[in-house]
Each structure stands twice: as structure tokens, then as C-alpha cells.
Amino acid sequence: EDEFIGFATLPDQVHRKAVKRGFEFGLMVVGETGLGKSTLINSLFLTDLYKDRKIPKVEETIKKTVHIEKKQLEIEERGVRLRLTIVDTPGFNDSVNGEENWMPIIDYIDSQFDQYYQAESGLNRKNIQDTRVHCCLYFISPYGHGLKPVDIAVMKRLHTKVNIVPLLAKSDILTPKEVKRLKAKILDEIKDNHIQIYQFPECDSDEDEEFKQQDKALKSAIPFAVVGSNTVVEAGGKKIRGRMYPWGIVEVDNPKHCDFGKLRQMLISTHMQDLKDITADLHYENYRAEHLAEEMK
Ligand code: GDP
Ligand code: MG
């Protein structure tokens, strides 16, 4: 079971389509430098992909990200093909005016829309490669007291273009109580600043009780408190991804330790299709309307 990434459990309808045509998904990480963006990407996808090959054991294998890096992966799982585009960004520092740091991120998203737009207006519209960014994981510092001015500024530039899923980064450095308090503060600040984060869809009333409970747990965990690690440690004869401390191991995949599992679940299984739909129907349509208005001038 756990040697799978998990997308083969996409809802049935999506599953059938995906079997035929393959499934495309674009994920981007954004936030201050050093918050664990590259590490989380690795924890989400890469170490799993290389499971049978050599797993990088040493954390230092992740180099500091200095420019926008696009990784494309094609994974096949139980007959379903997923084409995943992962966009890692260098991050920025505390300065709101450091536009040169975060403008390239906005430009990147726009240019994927533009490519799609060009392709859509071209002759061969059947096989458009979709490299649009369907989800942006936004990393918020656990060291601060909530959102920083730069977070507010950047999120406000992003929220009309992409689905923002906010994360409380490196949550292993906080106590459960601190996590709870900081999560509430972040949500308040998101609301007060009129930042539109990704809205999880309402749960269908005909879903079973277990699904409803899961859905509720997912929504109440936002912003997801995450821990990333590229180190595989042995615990009780099992190989797990975790961070070692003198007092014990923080297990990335343990729901009692953090929300990594919830994030992964929604991204690659329960909400992947919705993230794609919102991107196409809302964000891309916004872009297209703006573009058409430009052309009319
Ligand atoms: P990025 O600049 O956001 O891409 O951050 P990196 O992924 O390069 O990580 C920066 C440092 O933080 C590295 O030394 C990582 O090992 C460490 N790190 C990454 N994720 C976590 C985490 O969840 N908790 C803790 N305590 N450290 C982490
Ligand atoms: Mg990085």
C-alpha cells in the first residue's frame, strides 16, 4: 500500500478519464527562504518515487534553491498516468520591497496561463500540455507571530491567479498548544486582510459518515502544520520518514505529529480534481478575460 503515491485512488469518474488521457497537475511552493519548501516537495513525492532506487539519506543533498526550478515527473500507478509539474522557488526574505524576489513567481504563473492561451487559440487544440499551476503551497514561518507584511503582499498578488493552500512550516519546533494558537492567528489575519485562500468545497450530504468526518478534520486543520524530512529512520523495525531529536522522532506521516498526511491526501487524491477545476474555471478565465480586454484596447 504505502509504496504508492496515492493518486490512483482519485474519485472513479476522474480515474477513468485519467486512465485514458493521463492526468496533469502543477504544484508550486512559495514562501520565505529556509522554511523547508524544497524538503517538503521531496517528502511529498521524490523520495517515494525513488524508493526502489537510492534514497538520498543525507538532508544536505538538498541545495539552496537559487532560481525557479521546474521538475516534471511522469508516474504511473495502477494504470493511471500522472504528469506532475513541481515548481520550486527560491523564496524571499522579510522585505516587502524585495519585488525582484517574488515578481518572477507571479510572472511564472502568468506565463503558464499565456502558453495555455496561445495553445488554445492554435490549430492543435486536442493535445495541449497543461503546465498551469493548479496549487500553490504557501509557507508561513513558525518563528514569527503570524503573517509578515511580505506574506500579505505576496499572497494578495497570488490569490487571483492560483489556489493558495497555506502551511505552517516546520511545525515540529512548536508545541501542540503553540501550533493551535498560531493557526488561529494566521486564519484571522488571512480574513482581516481579505486574502482569498483555496476554499474547500462543501461536502455532499449523501457522502457516508466516515467521509464527512475526514472532510471536517481536513478543513479544521487549515493552515496545515507540516514537517518535512528527507531522512528515513528506523523505528520499531519500520522505515519511516522523520526528524530525530534527543527526546524522540517526529514522524512526518503520523497524523498525531503533524498535518503532512492530510495535505498529501488532499493534494494527490481527494482534491486534485477540484484544484484543477477552480484553476480552469476561475483563475484561467480571469486571466483570459483580462487578456482579451488588453487586446481590444
Ligand atoms: P527552503 O529554502 O524553503 O527550500 O528550505 P529547505 O528545504 O532548503 O530547508 C532549510 C533547512 O530547514 C534545512 O536544513 C532542512 O533540513 C530544514 N528543514 C526542512 N523542513 C523542516 C521541518 O519540517 N522541520 C525542521 N525542524 N527543519 C526542517
Ligand atoms: Mg529551496
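Residues numbered from 1 in each chain as written. Chains lettered and ligands numbered in written order. Predicted model: local features only at pLDDT ≥ 70, side-chain atom pairs only at ≥ 80, totals over all residues. Heavy atoms only, no water.

Student: Which parts of the structure should I look at to understand the overall build of the protein?
Tutor: Per the secondary structure count, the protein includes eight helices and nine strands. Buried positions account for 48% of the 297 residues belonging to the protein. Counting every atom, the protein has about 16,100 Å² of accessible surface; 50% of that belongs to carbon and sulfur. (Helix = DSSP H or I, 4+ residues; strand = E, 2+ residues; numbered from the N terminus. Buried < 20%, exposed > 50% of the residue type's maximum accessible area, 1.4 Å probe, protein only. Areas by Shrake-Rupley, 256 points an atom, 1.4 Å probe, with all protein chains shown as cover.)

Student: Can you walk me through the side chain of Lys 183 in this structure?
Tutor: Mapping Lys 183 onto the fold places it in helix α5 (residues 176-192). Exposure remark for Lys 183: the relative accessible area of 14% places this residue in the buried category.

Student: Explain the packing of helix α3 (residues 99-121) against helix α8 (residues 272-296) to me, please; I cannot follow it from the model alone.
Tutor: Taken N-terminus to C-terminus, the directions of α3 and α8 make an angle of 75 degrees; their axes are 10 Å apart at the nearest point. As the angle between them shows, α3 and α8 are arranged roughly perpendicular. Across the interface between the two elements, Asp 110, Phe 113, Asp 114, Tyr 116, Tyr 117 and Glu 120 of α3 pack against Thr 279, His 283, Tyr 284, Tyr 287, Arg 288, His 291, Leu 292 and Glu 295 of α8. Classifying every residue of the contact of α3 with α8 gives six nonpolar, three polar and five charged. (Axes fitted to C-alpha atoms, helices over the stretch in contact; angles between N-to-C directions. Parallel < 35°, antiparallel > 145°, perpendicular 65-115°, else oblique. Contact = heavy atoms within 4.5 Å. Nonpolar A, V, L, I, M, F, W, Y, C, P; charged D, E, K, R; others polar.)

Student: Teacher, can you tell me more about the packing of α3 against helix α4 (residues 149-158) here?
Tutor: The axes of two packed helices give the description: the angle between them and the distance between them. Two elements in contact, α3 and α4, have axes separated by 10 Å at closest approach and are oriented at 15 degrees. Relative to α4, the element α3 lies roughly parallel. The handedness of the crossing between α3 and α4 comes out as right-handed. The residues of α4 that touch α3, namely those facing Trp 102, Met 103, Ile 105, Ile 106 and Ile 109, are Val 150, Val 154, Arg 157 and Leu 158. Broken down by class, the residue content of the contact of α3 with α4 amounts to eight nonpolar, no polar and one charged. (Left-handed = near helix turned anticlockwise from the far one by under 90°.)

Student: So what exactly am I meant to see when it comes to the pairing of strand β8 (residues 238-245) here?
Tutor: The side chains of a regular strand alternate between the sheet's two faces. Pairing between strand β7 (residues 232-235) and β8: four bridges, direction antiparallel. When the sheet's bridge partners are listed, Glu 234 is paired in β8 with Lys 239. Turn length for the β7-β8 hairpin, with the two strands adjacent in sequence and antiparallel, is two residues, and the turn residue Gly 236 shows positive phi of about 60 degrees. As paired elements, β8 and strand β9 (residues 248-251) share four bridges and run antiparallel to each other. (Pairing = 2+ DSSP bridges.)

Student: Mind showing me how you'd approach the sheet that holds β8 here?
Tutor: Two modes of strand pairing occur in sheets, parallel and antiparallel, and in both the strands are linked by backbone hydrogen bonds. Strand order in the open sheet formed by three strands is β7-β8-β9, with antiparallel pairing between adjacent strands. This sheet does not close on itself; its edge strands, each paired only once, are β7 and β9. Neighbouring strand axes in the sheet, compared pairwise and without regard to direction, differ in orientation by 70 degrees on average.

Student: Explain the pattern of salt bridges here, please?
Tutor: In a structure, side chains of opposite charge can pair up when their charged atoms sit close to one another. Evaluation of the coordinates by the stated rule reveals twelve salt bridges. Of the charged contacts, one joins Asp 215 and Lys 219 as a salt bridge, the two residues approaching to 2.7 Å between their closest N and O atoms. With Asp 215 and Lys 219 both in helix α6 (residues 209-220) and four residues apart, this pair spans about one turn of that helix. Among the ionic pairs, Glu 285 bridges to Arg 288, the shortest N-O distance being 3.3 Å. Here Glu 285 and its partner Arg 288 are both found in helix α8, three residues apart, which amounts to about one turn of the helix. With a relative accessible area of 27%, Arg 288 lands in the partly exposed category. Sharing partners across several salt bridges, the network here consists of Glu 24, Glu 74 and Arg 83. (Salt bridge = Lys/Arg side-chain N within 4 Å of Asp/Glu carboxyl O.)

Student: Honestly, the nonpolar core in this entry has me stumped. Any pointers?
Tutor: Within soluble globular proteins, side chains that are nonpolar tend to cluster in buried spots. Formed by 74 residues in total, the largest nonpolar core has its most connected members in Leu 137, Leu 158, Phe 224 and Leu 267. Counting residues per element, this core draws most heavily on α3, which supplies eight residues. (Core = buried A, V, L, I, M, F, W, Y, C linked by side-chain atoms within 4.5 Å.)

Student: What is the right way to read the environment of Leu 27 from this model?
Tutor: Of note, Leu 27 is situated in strand β1 (residues 23-31). The residues touching Leu 27, leaving out its near neighbours within four places in the chain, are Leu 44, Phe 45, Thr 85, Ile 86, Val 87, Cys 135, Leu 137 and Leu 267.

Student: Help me understand unusual backbone geometry, please; the structure alone is not making it clear to me.
Tutor: Residues apart from glycine generally show negative phi values, whereas peptide bonds are mostly found in trans. Put simply, Ile 222 and Pro 223 share a cis peptide bond, and its omega is -5 degrees. Mapped onto the elements of the fold, Pro 223 is located in the loop between α6 and β6 (224-225). Of note, Lys 170 is a non-glycine position whose phi angle comes to about 45 degrees, a positive value. Turning to its location among the elements, Lys 170 is positioned in the loop between β5 (164-168) and α5. Classification of Lys 170 as partly exposed rests on a relative accessible area of 28%. The backbone phi angle of His 194 is positive, close to 55 degrees, even though this residue is not glycine.

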